[in-house]
Amino acid sequence: MKLNVDGRSYTVDVEAEMPLLWVLRDELKIKGVKYGCGIAACGACTVHIDRVAVRSCQTAVGDVDGDITTIEGLGNIDALYAVQAAWIEHQVAQCGYCQSGQIMQAADLLSTTPNPTDAEIDDAMSGNLCRCGTYPRIRDAVKSAAANLAGGN
Amino acid sequence: MSRLGKIARRTFLIGSAAIAGGVAFGYYMYKRPPHNPLLDDLAEGEAALTPYVKIDANGITLITPRADMGQGAYSVQAALLAEELDVDLDQVRVDPGPPDPAYYNTALSQEAVPFYPTDTSWMAETSRGVADALMKFIGMQITGGSTTVPDGYQKLRVAGAVARETLKQAASNKTGVHITRLKTERASVILPDGEAIPYTELAQLAATLEPVEQVTLRDPSEWRLIGKPMQRVDIVEKSTGTARYGIDIELDGMLHAAVKLNPHIGGNVNSYDASAALAMNGVRSVVPVQGGVAVVANNTWRAFQAADAIVADWGPSPMPETMEGHWAALSDAFSPDHQDSRNRDDGDVDAAISVGPVTAEYRAPYLAHAPLEPINASVLVGSGRVDVWTGTQVPRFVQEALSKVTNFGASDIHVHVQMIGGSFGHRLEMDVVIQAAEIAMTMQGTPVKLTYSREQDMTHDFTRPAVMARARGQIDDGKISALDLGIASPSVMASQMGRIGMSLPGPDAQIVAGAWEQPFDIPNYRVTGYRAQPLAPISSWRSVGASTNAFFHESFFDELCHSAGLDPVMERLRLCNDDTTRKVLETVAEMSNWGSPMAANRGRGIAFCMSFGTPVAEVFEVSNTPDGIKIDQVFVAADVGRIIDPVNFDALVKGGVIWGLGHAMMGEITYAKGASEQENFDTFTSLRLYQTPKIEVRGLENGAKVRGIGEPPVPPAAPALANAIFAATGQRLRDMPFRNAVNFV
């Protein structure tokens, strides 16, 4: 089975029903993608398939038919994606465990809705659980990222 | 000189300096300074000037022994060291260090003495000093109780100053320039001509010197870091997916394990059939472990699937069969033979409560910690040593526990503390570490990582106890004249200590914490703790006893005020006996424009709690809409004496409020035949972004002592919300979670 992840091609030999999450984490060792619940109730495992956010814990690897982007491919320390830069600027993270998923979800929102209203942010981001309670800064950071993307930064 | 001689002299450094700097209060029954554990394991070319600062040719490592569970502990500890060491946080590495008695936590003992947090009398301080010495004696290296800053505020700055002065002495010896003419800046000693000698070039020489024992801590006006907004040391990693937690550990040849535990907690494993599991793809072995059965496979998901395929005959739980049984046990505990403590008994409550008393009964449910990173541990049993990688708040207890499981000496158990994806108290427990070691013992030489599925994590949590309270009160002459609060709970401390083979001496202060020590002079005022029989295995949950007790105390205070038409802010101010608290109350009233008119469908509620010595007041504003209650806004004022990092302070306050209000709204674990009926985040729900109100925070610094902020914002949230809902609707909520009685938008 061939997968394209973060711009690299991989061949994996696993059961078709294995969730993409565990292929990424245990087979390809991409640990930025997190396991939180396994039932698509927390969003920690969010990745993009062809730039659309999906819960990788509920996506069988055999059903993947597009290019996968994880938090590690979205941007990196030397070339931060605007959403990551906003997350750093607002110091969103506390334990940080949910933030890979939060950032991937926010990136998806801003790709389709460049200037989201508060209600649109609430709708898009409420599937992503944060137990530390970083929600106020997530709101602020999404707005900053939107402004930065609009300004071409 | 022999190595032993050198170590003995160098280890004197931190202990003696710490006493000179004023860390050690009162008398020590155990005067010897702690051994510096970094000296045991130094590589060629490394120097460890104190247990907190390690320097080699490549750089400086600050040791931050309190675990980071998201509360920013690494950053705040690093900042306290860096302030006096004259380094910036971009110049250092941060490492949690080894488990060691040198990293004992004294501040935790402050909660264990029966004196009001506001009491600074000789007797109270002496008791705290004795308790401190005891903590030092047993080397209690523990993260919890909002103690990281109170414990480290002086100790870490002294450690930084000692290292700095010793490095200056080394530079003086090397250059012949007198130490008084040397300065330090950005990890270098600066000579009078401006030449900079990096610390890394001086460390080896410094390690051979007599320590500079006398250090003077800088005046706050000179601080570069403390009190100013900081960037957390982990913020870039945590924003780019490159932070690595315990669950992310990868070791050569590692296998992955999962458990299936008896859902009926405390029940035996009578028998099990693993034949289907063993036949599954990638499965290597099945191992019986404490409480159930483990499967080892070559992939976490395969291990989860195989664990699900195990069929077992589970023995029954010793818990009551139904929740009614749990509540009956709590109700039965309100009797003299269950009385655990009565630390407050002012006036004569029984005489004062005579005519038409106000009474109420309250309930708080069991709750899971449910940190988003499921609990996990990786263990490698090698020849002559055991290595364990895990996120833990109690690394020395982990060492002790693994020593028992593996029969290796504690000094051969190497604990590598990992970054923690949330804890809220869960990582005070060691079941996952013990089970991982049980598995690893069957495959020596092969590292194994045990990851709990979310379902196993939630159903085998050690929960916040269900607690019941009964209150009576009296209004006289338009004022609160009596408040009598009884709280019935099993003992969290006895449950936790029992799991490490210790018994709790005396009463459990947590049964009444957040209620008995409140800074109010009600003429007839009594708080009684009743210890119920053990029910579910329970544990510390963010803010511990205060998480339930503030709800009881502050809801009932509000009921008394409303029964007499009293303003709840004015009545608290009238009764307040602590200036720091008074300012906190006045501040939150001003922030919320308390007393200003509101629309008929809206309401405002206030609650206050001093927990872990930190006074926090919260005002909630809610609207009663056709779709349910909407939380519009929250105002918080808190006083920690000294705010180390205003950014992190703000984050911890908001996170604490969200934690408190979310669980009050909807959090609940219920047991049927001793099995948790909630298994995952679909049924154990918590606050989401769309429900999060605007939260305005103000931090005050009037208090005489430096206090923590990780837990104290939690307790007032539930009662402030309940009191606001009463103000908006007239409906009094006495049982959590509130969603069983009202809808939320």
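Not measured: the values here are computed from a predicted model.

### Describing the overall build of chain B
Then, in step 1: The number of helices and strands found in chain B is 19 helices and 27 strands.
Then, in step 2: In terms of overall size, chain B behaves like a compact globule, its C-alpha atoms giving a radius of gyration of 27 Å where 745 residues would be expected to give roughly 27 Å.
Then, in step 3: Taken over the C-alpha atoms alone, chain B extends approximately 80 × 70 × 45 Å along its principal axes.
Then, in step 4: Here chain B holds 745 residues, and the buried ones make up 58% of them.

### Examining the domain arrangement of chain A
All names here are of chain A.
Then, in step 1: If you check the domain split of chain A, you get domain 1 (2-73) and domain 2 (75-150).
Then, in step 2: Just the C-alpha atoms count here: the centres of domain 1 and domain 2 sit 20 Å apart.
Then, in step 3: With 15 residues of domain 1 at the contact, the number on the domain 2 side is twelve residues.
Then, in step 4: Where the side of domain 1 that touches domain 2 is concerned, the elements lending two or more residues are strand E3 (46-49) and strand E4 (52-55).
Then, in step 5: With three residues, the top contributor of residues to the side of domain 1 that touches domain 2 is E3.
Then, in step 6: When the residues that make up the side of domain 1 that touches domain 2 are grouped by side-chain class, the tally is eight nonpolar, five polar and two charged.

### Section: the environment of B:Arg734
Residues and elements named next belong to chain B.
Then, in step 1: Within the element layout of this structure, Arg734 appears in the segment after helix H19 (717-729).
Then, in step 2: Sequence-wise, Arg734 and Glu83 are 651 residues apart; in three dimensions their C-alpha atoms are separated by 47 Å.
Then, in step 3: Arg734 has contacts with Ala360, Glu361, Tyr362 and Ser555, leaving out every residue within four places of it along the chain.

### Topic: helix H8 (residues 300-308) of chain B
Then, in step 1: Among the nine residues that make up H8(B), eight are buried, leaving the element largely enclosed by the rest of the structure.
Then, in step 2: Considered for burial, the residues of H8(B) that qualify are B:Thr300, B:Trp301, B:Arg302, B:Ala303, B:Phe304, B:Gln305, B:Ala306 and B:Ala307.
Then, in step 3: Where H8(B) is buried, its residues meet helix H1 (20-27) of chain A together with strand E8 (255-261), helix H7 (275-278), strand E10 (283-289), strand E11 (292-297) and strand E18 (448-451) of chain B.

### Overview of the interface of chain A and chain B
Then, in step 1: Opposite the 46 residues of chain A that make contact, chain B presents 49 residues.
Then, in step 2: For the side of chain A that touches chain B, the elements supplying multiple residues, two or more each, are H1, helix H2 (71-74), helix H3 (82-89), helix H4 (99-112), helix H5 (118-125) and helix H6 (135-150) of chain A.
Then, in step 3: Its residues assigned to classes, the side of chain A that touches chain B comprises 24 nonpolar, 15 polar and seven charged.

### Describing the packing of helix H16 (residues 568-575) of chain B against helix H17 (residues 579-591) of chain B
Residue and element names in this part refer to chain B.
Then, in step 1: Closest axis-to-axis distance for the H16/H17 pair is 10 Å, and the angle between their directions is 165 degrees. The angle between the axes of H16 and H17 places the two elements in the roughly antiparallel class. As for how H16 packs across H17, the hand of that crossing is left-handed. Listed contacts from H17 to Val569, Arg572 and Leu573 of H16 are Arg582, Leu585 and Ala589.
Then, in step 2: Counted by class, the contact of H16 with H17 contains four nonpolar, no polar and two charged residues.

### Brief notes about the sheet that holds strand E13 (residues 339-346) of chain B
All names here are of chain B.
Then, in step 1: Pairing in this open sheet of five strands is mixed, and the strands run E13-E21-E20-E19-E14 from one edge to the other. Because the sheet does not close on itself, it has two edges, and the strands there are E13 and strand E14 (358-364). Taken pair by pair, the neighbouring strands of this sheet meet at an average axis angle of 10 degrees, ignoring direction.
Then, in step 2: Pairing between E14 and strand E19 (residues 467-476): seven bridges, direction antiparallel. Of the residues in E19, the one forming a bridge with Arg363 is Met468.

### Observations regarding the domain arrangement of chain B
Then, in step 1: Partitioning chain B into structural domains gives domain 1 (3-240), domain 2 (246-317 + 375-451) and domain 3 (323-368 + 462-740).
Then, in step 2: Contacts between the two partners involve twelve residues from domain 2 of chain B, matched on the other side by twelve residues from domain 3 of chain B.

### Notes on the nonpolar core
Residue and element names in this part refer to chain B.
Then, in step 1: The biggest cluster of nonpolar side chains holds 271 residues, and the ones touching the most others in it are Ala294, Val295, Val433, Val636 and Leu721.
Then, in step 2: Sorting elements by how many residues they give to this core places helix H4 (residues 148-175) first, with eleven residues.
Then, in step 3: In contact with Val295, other than residues within four places in its own chain, are Ala257, Ala258, Ala277, Val283, Val286, Ala303, Ala306 and Ala307.

### Some points on helix H18 (residues 646-666) of chain B
Side chains that are three or four residues apart share a direction in an α-helix, a result of its 3.6 residues per turn.
Then, in step 1: Between the first and last C-alpha of H18(B) there are 30 Å, a value that for 21 residues agrees with the 30 Å anticipated at 1.5 Å per step.
Then, in step 2: With respect to burial, H18(B) is a largely interior element, 18 of its 21 residues being buried.

### Points about the packing of helix H2 (residues 73-85) of chain B against H4(B)
Residue and element names in this part refer to chain B.
Then, in step 1: Close contact between H2 and H4 brings their axes to 7 Å; oriented N to C, the two are set at 35 degrees. In the packing of H2 onto H4, the handedness of the crossing is right-handed. Contacts between H2 and H4 involve Ala73, Val76, Gln77, Leu80, Leu81, Ala82, Glu83, Glu84 and Leu85 on the former and, on the latter, Thr148, Val149, Gly152, Tyr153, Leu156, Arg157, Ala159, Gly160, Ala161, Ala163 and Arg164.
Then, in step 2: Among the residues making up the contact of H2 with H4, the classes are represented as twelve nonpolar, four polar and four charged.

### Regarding the pairing of E18(B)
All names here are of chain B.
Then, in step 1: Judged by which residues are buried, E18 turns out to be covered on both faces: Val448 and Leu450 on one side and Lys449 and Thr451 on the other are all buried.
Then, in step 2: As paired elements, E8 and E18 share three bridges and run parallel to each other. Across the sheet, the residue bridging to Ala257 is Leu450, located in E18.
Then, in step 3: Both strand E15 (residues 376-381) and E18 contribute to a ladder of four bridges, which runs antiparallel. Its bridge partner lying in E18, Asn376 is registered against Thr451.

### Considering the sheet that holds E10(B)
All names here are of chain B.
Then, in step 1: Taking strand neighbours across the sheet as the criterion, the seven strands line up as E10-E11-E8-E18-E15-E16-E17 in an open arrangement whose pairing is mixed. Strands with a single pairing partner mark the edges of an open sheet, and in this sheet they are E10 and strand E17 (413-417). This sheet shows a mean twist of 20 degrees between the axes of neighbouring strands, independent of strand direction.
Then, in step 2: Together, E8, E10, E11 and E18 form the strand contacts of H8, whose direction differs from that of E8 by roughly 25 degrees.
Then, in step 3: Sitting on the sheet, helix H12 (residues 431-440) touches E8, E10, E11, E15, strand E16 (386-390) and E18, and the angle it makes with E15 is about 35 degrees.

Rules used throughout
- Residues numbered from 1 in each chain as written.
- Chains lettered and ligands numbered in written order.
- Predicted model: local features only at pLDDT ≥ 70, side-chain atom pairs only at ≥ 80, totals over all residues.
- Helix = DSSP H or I, 4+ residues; strand = E, 2+ residues; numbered from the N terminus.
- Rg over C-alpha atoms; globule rule 2.2 N^0.38 Å.
- Buried ≥ 20, exposed ≤ 12 C-beta atoms within 10 Å, placed from the backbone.
- Domains from an automatic or database assignment.
- Contact = placed C-beta atoms within 7 Å.
- Nonpolar A, V, L, I, M, F, W, Y, C, P; charged D, E, K, R; others polar.
- Axes fitted to C-alpha atoms, helices over the stretch in contact; angles between N-to-C directions.
- Parallel < 35°, antiparallel > 145°, perpendicular 65-115°, else oblique.
- Left-handed = near helix turned anticlockwise from the far one by under 90°.
- Pairing = 2+ DSSP bridges.
- Core = buried A, V, L, I, M, F, W, Y, C linked by C-beta atoms within 7 Å.
- Expected span 1.5 Å × (residues − 1).

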